[in-house]
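Each chain, letter by letter, is given below.
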Amino acid sequence: SQQGEEDPQALSIQEGENATMNCSYKTSINNLQWYRQNSGRGLVHLILIRSNEREKHSGRLRVTLDTSKKSSSLLITASRAADTASYFCATIGGSGNTGKLIFGQGTTLQVKP
Amino acid sequence: EAGVAQSPRYKIIEKRQSVAFWCNPISGHATLYWYQQILGQGPKLLIQFQNNGVVDDSQLPKDRFSAERLKGVDSTLKIQPAKLEDSAVYLCASSLRDNYFSGNTIYFGEGSWLTVV
């Protein structure tokens with residue numbers, strides 16, 4: 001079953017603008033990861049944030065985690081046409097979970113040049 | 001470094017036929033995963049191997065799906081007989097070890113696209 005729910009399902013912006021995607025999850029987690037999937041391709045790991053972290057940066061990516069609200073956000077700054085892809089959050093469960101990576105439904109991002 | 005290799009990339013079969021997908025993980029990766037991704041949805045874990053043992057196959061429809069990793073390296077996923085709802089991308093992935101909690105990066109292959117008609 002899916003754990004994460006991404007919001008919005010689809011996002012269209014102009015090149016240079018910032019893109020924000022949100023993810024909500026249901027159960028306790030050890031860490032949360034974001035992946036990118038270009039059309040017709042496999043998934044690429046972007047960034048991981050642990051449950052005891054609140055914010056993490058990697059290049060133009062900024063991820064926040066609020067465990068009290070069971071939510072995370074991915075911010076892509078100064079977007080480029082090459083950022084056009086689907087973005088998925090995935091969670092690793094806490095106690096009682098075998099460590100299975102559970103994906104959300106994804107946000108489809110279109111960056112117009 | 002070579003990535004996760006999968007074949008075939010595309011397959012079209014009729015319902016009730018069988019199909020097999022092959023995966024070769026990154027060299028040295030002990031953990032191998034098969035995910036099913038239906039169009040418009042996120043990937044769903046079908047089965048996870050640690051070396052040649054099964055760690056999790058709770059979401060594998062065992063009446064029609066089977067998977068093996070006999071020598072702890074490459075793996076095959078078989079569907080027999082296929083149903084229309086099996087149309088999806090089958091993603092193979094691997095990671096160095098099974099310790100999710102240390103944040104192992106999981107590397108995905110390009111996927112095998114299955115259409116059942």
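Residues numbered from 1 in each chain as written. Chains lettered and ligands numbered in written order. Predicted model: local features only at pLDDT ≥ 70, side-chain atom pairs only at ≥ 80, totals over all residues. Heavy atoms only, no water.

Asker: Would you mind showing me how to read the overall build of chain B here?
Answerer: Helix and strand content of chain B: zero helices and 11 strands. Along the chain direction, N to C, the helices and strands of chain B fall in the order β-β-β-β-β-β-β-β-β-β-β. Relative to the compact-globule value of 13 Å for 117 residues, chain B shows a C-alpha radius of gyration of 13 Å, a close match. A principal-axis box enclosing the C-alpha atoms of chain B has dimensions of 40 × 25 × 25 Å. For chain B, the proportion of its 117 residues judged to be buried stands at 44%. Put simply, 55% of the contacts in chain B that link residues at least 6 apart link residues at least 24 apart. Of the accessible surface of chain B, which amounts to about 5,600 Å², a share of 50% is contributed by carbon and sulfur atoms. (Helix = DSSP H or I, 4+ residues; strand = E, 2+ residues; numbered from the N terminus. Rg over C-alpha atoms; globule rule 2.2 N^0.38 Å. Buried < 20%, exposed > 50% of the residue type's maximum accessible area, 1.4 Å probe, protein only. Contact = heavy atoms within 4.5 Å. Areas by Shrake-Rupley, 256 points an atom, 1.4 Å probe, with all protein chains shown as cover.)

Asker: Can you help me understand the pattern of salt bridges in this one?
Answerer: It is possible for side chains of opposite charge to pair when their charged atoms get near one another. Throughout the structure, instances matching the rule amount to six salt bridges over all chains. Between K56(A) and E53(A) there is a salt bridge, and its shortest N-O distance comes to 4.0 Å. With a closest N to O distance of 3.7 Å, K62(B) and D57(B) form a salt bridge. (Salt bridge = Lys/Arg side-chain N within 4 Å of Asp/Glu carboxyl O.)

Asker: Where do I start with the packing of aromatic side chains in this structure?
Answerer: In this description, an aromatic ring pair is defined by two values, namely the gap between the centres and the angle between the planes. What the rule picks out here adds up to 10 aromatic pairs over all chains. Each ring, one from F103(A) and one from Y35(B), has its centre 5.6 Å from the other, and the planes form 85°; the classification is edge-to-face. Taken together, the residues F103(A) in strand 10 (residues 101-103) and Y35(B) in strand 4 (residues 31-37) connect one chain to another. Here F103(A) matches Y35(B) in class, with each residue buried. Members of the aromatic cluster, joined through ring pairs, are Y35(A), F88(A), F103(A), Y33(B), Y35(B) and F108(B). (Phe/Tyr/Trp six-rings, centres within 6.5 Å; stacked < 30°, edge-to-face > 60°.)

Asker: What should I look at first to understand the layout of surface pockets in this one?
Answerer: A probe matching the size of a water molecule, rolled over the atoms, marks out where space remains unfilled. Considered as a void within the structure, the largest pocket measures approximately 410 Å³ in volume. In terms of lining residues, the largest pocket is bounded by 22 residues, among which Q37(A), Q37(B), I38(B), L39(B) and G40(B) are the most central. Among the secondary structure elements, those contributing two or more residues to the lining of the largest pocket are strand 9 (85-93) of chain A together with strand 9 (88-95) and strand 11 (112-116) of chain B. In terms of residue count, strand 11 of chain B provides more of the lining of the largest pocket than any other element does, three residues in total. When its residues are assigned to classes, the lining of the largest pocket shows seven nonpolar, 14 polar and one charged. (1 Å grid on protein atoms, 1.4 Å probe; cavity = no way out; pocket = protein on both sides within 12 Å on 5 of 7 lines; lining within 4 Å. Points joined across faces, edges and corners; volume = space filled by probe spheres on them. Nonpolar A, V, L, I, M, F, W, Y, C, P; charged D, E, K, R; others polar.)

Asker: Please clarify how the pairing of strand 5 (residues 43-50) of chain A should be interpreted in this entry.
Answerer: Consecutive residues of a regular strand have side chains that alternate between opposite faces of the sheet. All names here are of chain A. With seven bridges joining them, strand 4 (residues 29-37) and strand 5 adopt antiparallel strand pairing. Among the inter-strand pairings, R36 is bridged to a residue of strand 5, identified as V44. Counting the residues in the hairpin turn of strand 4 and strand 5 gives five residues, including G40, whose phi is positive at 75°. (Pairing = 2+ DSSP bridges.)

Asker: Explain the state of the cysteines here, please?
Answerer: By definition, a disulfide links the sulfur atoms of two cysteine residues through a covalent bond. Residues and elements named next belong to chain A. One pass over the structure, following the stated rule, counts two disulfides over all chains. C23 shares a disulfide with C89; S-S distance 2.0 Å. When the S-S torsion is 65°, as for the bridge of C23 with C89, the disulfide is right-handed. Taken together, the residues span a long stretch of sequence, with C23 in strand 3 (residues 19-24) and C89 in strand 9 at a distance of 66 residues. (Disulfide = S-S within 2.5 Å.)

Asker: Please clarify how the nonpolar core should be interpreted in this entry.
Answerer: Within soluble globular proteins, side chains that are nonpolar generally end up buried alongside one another. Grouped together as the largest cluster of nonpolar side chains are 22 residues, with contacts concentrated most on L32(A), W34(A), L74(A), I76(A), Y87(A) and L109(A). Counting 21 residues, the second-largest nonpolar core is a separate cluster that includes V19(B), L32(B), W34(B) and Y90(B). (Core = buried A, V, L, I, M, F, W, Y, C linked by side-chain atoms within 4.5 Å.)

Asker: Even after reading the chapter, I still don't get the sheet that holds strand 3 (residues 19-24) of chain B, so can you show me in this structure?
Answerer: Whether parallel or antiparallel, the strands of a sheet pair through hydrogen bonds between backbone atoms. Residue and element names in this part refer to chain B. An order of 1-3-8-7 is seen for the four strands of this open sheet, with the pairing classed as antiparallel. At either margin of the open sheet sits one strand with a lone partner, and together these are strand 1 (5-7) and strand 7 (65-68). Mean inter-strand twist for the sheet, computed between neighbouring axes without regard to direction, equals 15°. Here strand 7 pairs with strand 8 (residues 75-79) via four bridges, running antiparallel. Its bridge partner lying in strand 8, E68 is registered against T76. (Axes fitted to C-alpha atoms, helices over the stretch in contact; angles between N-to-C directions.)

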